[in-house]
Amino acid sequence: MLDAGVTDVPEHVPADLVRDFPFKHLPGMDTDPVAAVNRAVLNEPDIFYARGARVGMNAWVLKSYELILEVFQDTGTFSSSANANFSALVGETWRALPLEADPPQHGAYRAILNPWFSPSRVKTMGEEIRTLAIDIIEGFKADGECEFVSAFAEVFPIQIFLRIFGLPISEARQFVDWNHGLGPDRSLEEREASARLIVDYLRETIAEREREPTEDLISYVLGSPVDGRPMTPDEKLGMCFLLFVGGLDTVANQLGFIFKHLAEHPEDQQKLRDEPDLISNAIEEFIRYYGVVNTTRLVMRDVDFHGVKMKKGDLVFLLAALSGRDDRKFENASTVDFSRKSQSHISFAAGPHRCAGSHLARRELRIAIEEWLARIPAFKVTDGRVPRTGLGGVLGVFELPLSWK
Amino acid sequence: MRILVDTKKCSGQARCWTLSPDVYHLNDDGYNVMPETVVPASMERAARLGALECPERAITILDD
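Residues numbered from 1 in each chain as written. Chains lettered and ligands numbered in written order. Predicted model: local features only at pLDDT ≥ 70, side-chain atom pairs only at ≥ 80, totals over all residues.

Examining the overall build of chain B
For step 1, the next point in the chain: Scanning chain B for helices and strands turns up two helices and three strands.
For step 2, the next point in the chain: Overall, chain B shows an N-to-C arrangement of helices and strands of β-α-β-α-β.
For step 3, the next point in the chain: For 64 residues, the compact-globule formula gives about 11 Å, and the C-alpha radius of gyration of chain B, at 10 Å, lands near that figure.
For step 4, the next point in the chain: The buried share of chain B, taken over its 64 residues, is 36%.
For step 5, the next point in the chain: Residue pairs at least 24 apart in sequence account for 69% of intrachain contacts in chain B once pairs closer than 6 positions are excluded. (Helix = DSSP H or I, 4+ residues; strand = E, 2+ residues; numbered from the N terminus. Rg over C-alpha atoms; globule rule 2.2 N^0.38 Å. Buried ≥ 20, exposed ≤ 12 C-beta atoms within 10 Å, placed from the backbone. Contact = placed C-beta atoms within 7 Å.)

Written out as C-alpha cells, the structure reads:
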C-alpha cells in the first residue's frame, strides 16, 4: 500500500530495478525497524528504484556501505539541497542550514557550528550532562518502572540541547510535540501546522536575541558572519530551524534502541555491568547496528552510477539502517559484538555533512548508559507489555515500558 | 613512518584521535589539519589503527 501521490516511474529507470517500498508500512516496522528495513531489501540488487521510499516520492535506494559512502563523499554529483524541504511547508523558500547547502557555500555555515560541538568542547559539558542524567534517573528509580521514552529518552537529550541552544526547558514537551508533528508519518496538514508553529516561535526568539543577545548558541549563530558579511534573515532562520529539529529526536531514538536492546538482551546488559570499559565501544556498535537516520540526496547531473543510469533530478535515499548492516563491510553484521574492532560506521553520515552533533551524541549516550547501570538494577521490558517502534523523522522507539526490582 | 592525511576529506569523524590520541591530533574544531606527520616506529600500531578506522579513508601510512 503506497501513499497517494507517488509519482510514476520515469522512463530512464529500467522496470527490473523498480520495487514497491512502502517505508512507513514495511512488515516489522512496529517491532524492529532496522531489521524490517534490512529484511525488505534482502533480495534486492545493491541499487534499486524504490516507489514510496519517501512520502509521495520515489528514490534510488542503495544497500551497500561502499555506495552510500561514495554518495556522501561526491557532493558535486549528489546535492543535499532537497533534503528536508521544511520551508515549503510554510510556503517559504529558505534552506535549512548547513544541511541543505552544498560545498563550497556549505563550509561557511558549518564553520559556525563546529566550535560548539567539537570533541574538546563537548568534553567540557560532561559534568553538566552527568548531573542531569542523575537527576532524571533518581526521579523514577524508586518506582521500579518507567516508560523509558517519555521518562528519559525524550527528556535527557532534549534538555541538554535546549540549554546549549538557548530555549526554555519549560517548553521542552511542546517542542518535542511540534517536532513529532513534522514527521513524514503525519498528515500534510499536521506537518504544515507544526512547521508554522516552529517557524513563528523561532522568528520571535531570533528577534528577542537580536535585541538582547545572550551566551547561547542562537545568539552566537545570529552574530556570526558568513563570508565576511552578516547573515540574511533567511539564513538565520534556516540555521535555527536545522538546529531545532536536529537536536530533538535523533539522540532520543538512539537511546530508545539501545535501552530496548539492553532490556531484551540481559546477557548484553550484564556484560556492560561487568565490564564498563566496553561501554565506549558498545556505543559505536549500537550506532552501527541501530542506524536511525535517513537522508536524501538530489542527483545534479546525468550519471552512470555503477552501471545504473541516474538522471539529474532523481533522488537517492541513504539509510544508516542499511550501511550499518552491510556484511561486506562488517563481519557478522547482524550480531551485536561489543568487542568488535572495526567501527568505521557511517551512521553519522560521511563527507562534509558528517553529523555536527556526533560527539555530543556519543557523550550523552555514554553517560546515560553509565548512570543507568550504576543506579538502576537489572531492567527488562515490563511483563505483559510490548515496546512500540516505527518511522517518524528518524527510525524510532515510541514506547518502551521498563521494570526493575 | 609518515602519516599522510587528505585534509580535504577530513570531516571531523575523530575516529583517528579517539583510538590513537598520542598519534593523531585535531584542531579546536575537531578536524585533522596536518597533511603530513612523521611518527617513530614505536607508534606504528597506533598509527595504523587510527588510519584504518577513518570512515573517509583520508589517512595513508607510508613506511619510510
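So much for the structure itself; the text now carries on.
Observations concerning the overall build of chain A
For step 1, the next point in the chain: Of regular secondary structure, chain A possesses 17 helices and 13 strands.
For step 2, the next point in the chain: Against the globule reference of 22 Å for 405 residues, chain A gives a C-alpha radius of gyration of 21 Å, in line with a compact fold.
For step 3, the next point in the chain: Overall, chain A is about 60 × 55 × 40 Å in size when its C-alpha atoms are taken along their principal axes.
For step 4, the next point in the chain: Here chain A, with 405 residues, has 44% of them falling under the buried criterion.
For step 5, the next point in the chain: For chain A, the proportion of contacts with a sequence separation of at least 24, taken over those separated by at least 6, is 70%.

Focus on the nonpolar core
The nonpolar side chains of soluble globular proteins are, as a tendency, buried together.
For step 1, the next point in the chain: In this structure, W60, V61, I68, C240, F241, V316 and F317 of chain A are the most contacted members of the largest nonpolar core, which totals 116 residues.
For step 2, the next point in the chain: Those residues within four positions of V61 of chain A in sequence are excluded, and the remaining contacts are F21, V41, F48, A50, A53 and F317 of chain A. (Core = buried A, V, L, I, M, F, W, Y, C linked by C-beta atoms within 7 Å.)

Side note on the confidence of the model for chain B
For step 1, the next point in the chain: Mean pLDDT for chain B: 96, with 100% of residues reaching 70 or above.
For step 2, the next point in the chain: On the interface metric, ipTM, the complex scores 0.97, and its pTM is 0.96. (pLDDT = per-residue confidence, 0-100.)

Thoughts on the interface of chain B and chain A
For step 1, the next point in the chain: Taken residue by residue, the interface counts 13 residues in chain B and 13 residues in chain A.
For step 2, the next point in the chain: Counted by class, the side of chain B that touches chain A contains four nonpolar, four polar and five charged residues. (Nonpolar A, V, L, I, M, F, W, Y, C, P; charged D, E, K, R; others polar.)

Quick look at unusual backbone geometry
Residue and element names in this part refer to chain A.
For step 1, the next point in the chain: The linkage connecting L97 with the following residue, P98, adopts the cis geometry, with an omega of 0 degrees.
For step 2, the next point in the chain: The topology assignment puts P98 in the loop between α3 (86–89) and α4 (105–117).
For step 3, the next point in the chain: Residues P103 and P104 are joined by a peptide bond in cis, for which omega reads 5 degrees.
For step 4, the next point in the chain: Locating P104 in the fold gives a position in the loop between α3 and α4.
For step 5, the next point in the chain: With phi around 50 degrees, H306 is a residue other than glycine that occupies positive phi space.
For step 6, the next point in the chain: Inspection of the secondary structure puts H306 in the loop between β7 (303–305) and β8 (308–310).
For step 7, the next point in the chain: On the basis of neighbour count, H306 is assigned to the partly exposed category, with 13 C-beta atoms found within 10 Å.
For step 8, the next point in the chain: Positive phi, close to 50 degrees, is recorded for N332, a residue that is not glycine.

A short note on the sheet that holds strand β5 (residues 145–147) of chain A
All names here are of chain A.
For step 1, the next point in the chain: Across the sheet, which stays open at both edges, the three strands sit in the order β5-β13-β10 with antiparallel pairing between neighbours. Looking along the sheet, the strands with just one partner apiece sit at the ends: β5 and β10 (380–381).
For step 2, the next point in the chain: By the bridge criterion, three bridges tie β5 to strand β13 (residues 401–403) in an arrangement that is antiparallel. Counted as the bridge partner of E147 is P401 from β13. (Pairing = 2+ DSSP bridges.)

Overview of helix α10 (residues 188–211) of chain A
Since the α-helix packs 3.6 residues into each turn, any two residues three or four apart lie on the same face.
All names here are of chain A.
For step 1, the next point in the chain: Between its terminal C-alpha atoms α10 stretches 35 Å, which fits the 34 Å expected from 24 residues at 1.5 Å a residue.
For step 2, the next point in the chain: Taken together, the buried positions of α10 are occupied by S194, A195, I198, V199, L202 and R209.
For step 3, the next point in the chain: In this fold, the buried residues of α10 make contact with α3, α9 (172–181), α11 (217–222) and α12 (233–246). (Expected span 1.5 Å × (residues − 1).)

A word on the packing of α10 of chain A against α12 of chain A
Each pair of packed helices can be described by the angle between their axes along with the distance between the axes.
All names here are of chain A.
For step 1, the next point in the chain: Where α10 contacts α12, the axes come no closer than 10 Å and their chain directions differ by 120 degrees. It follows from the interaxial angle that α10 and α12 lie oblique. Seen from above, α10 lies across α12 with right-handed handedness. Residues I198, V199, L202, R203 and I206 of α10 form the contact with α12, whose participating residues are K236, L237, C240, F241 and F244.
For step 2, the next point in the chain: Partitioned by chemical class, the residues of the contact of α10 with α12 number eight nonpolar, no polar and two charged. (Axes fitted to C-alpha atoms, helices over the stretch in contact; angles between N-to-C directions. Parallel < 35°, antiparallel > 145°, perpendicular 65-115°, else oblique. Left-handed = near helix turned anticlockwise from the far one by under 90°.)

Points about the sheet that holds strand β2 (residues 36–38) of chain B
Residue and element names in this part refer to chain B.
For step 1, the next point in the chain: Strand order in the open sheet formed by three strands is β2-β1-β3, and the pairing between neighbours is antiparallel. Every other strand in the sheet has two partners, leaving β2 and β3 (59–62) as the edge strands with one partner each. Along the sheet, successive strands turn relative to each other by an average axial angle of 20 degrees, direction set aside.
For step 2, the next point in the chain: Each of β1 (2–5) and β3 touches helix α2 (residues 44–53); the most contacted strand, β3, lies at about 150 degrees to it.

Let's talk about helix α8 (residues 156–165) of chain A
Residue and element names in this part refer to chain A.
For step 1, the next point in the chain: Most of α8 sits out of view: seven of its 10 residues are buried.
For step 2, the next point in the chain: In this structure, the buried side of α8 is in contact with α6 (126–141), α7 (148–153), α9, α11, α13 (250–264) and α17 (358–375).
For step 3, the next point in the chain: A positive phi of about 110 degrees marks G166, the residue just after α8.

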